[in-house]
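# Topology and contacts: notes
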Amino acid sequence: MERKDKELRGSSNGVIGSYHKWLKARMQGITWLPKLKISSGEETEVPEESEDVQALKAELERTRVVKEKFKMTATRVRKKCDELRDVNMATAGALE
């Protein structure tokens, strides 16, 4: 990361001034970029998802729900364990 910062910063132009020079130097070898067509703001047609993709998305959503339920249960069990540990320590201290 430091190397890129130094590369972008340049010697005395600061980050912004030298960034444009850095970008221009790196863009010289890319000939296909200016030829890209820019969409004219029209809505692009989204291809329909296959049944497999839809089934996988539904399964993913179900697993997310199961994961959240598991998290809630684990948190509840952890709190109960902490409470029992505190009670046990208090009882052990009282018996001594």
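For the structure itself, consult the block above.
Residues numbered from 1 in each chain as written. Predicted model: local features only at pLDDT ≥ 70, side-chain atom pairs only at ≥ 80, totals over all residues. Heavy atoms only, no water.

## Quick notes on the pattern of salt bridges
Put simply, the rule reads: Whenever Lys or Arg places a side-chain nitrogen within 4 Å of a carboxyl oxygen from Asp or Glu, that contact is recorded as a salt bridge. Helix numbers and strand numbers start at the N terminus; a helix is a DSSP run of H or I with at least 4 residues, a strand a run of E with at least 2. Think of it in three bands: residues with accessible area under 20% of the maximum for their type are buried, residues over 50% are exposed, and the middle band is partly exposed, with areas taken using a 1.4 Å probe on protein chains only.
Enumeration according to the criterion identifies 2 salt bridges in this entry. Between Arg64 and Glu61 there is a salt bridge whose closest N-O contact spans 3.6 Å. Highlighted residues: Arg64 and Glu61, both in helix 3 (residues 51-95), separated by 3 residues, approximately one helical turn. A relative accessible area of 46% means that Arg64 is categorised as partly exposed. Residue Asp82 pairs with Arg85 through a salt bridge whose shortest N-O separation is 3.1 Å. With a gap of 3 residues between them, Asp82 and Arg85 both fall in helix 3, about one helical turn apart. A relative accessible area of 45% places Arg85 in the partly exposed class.

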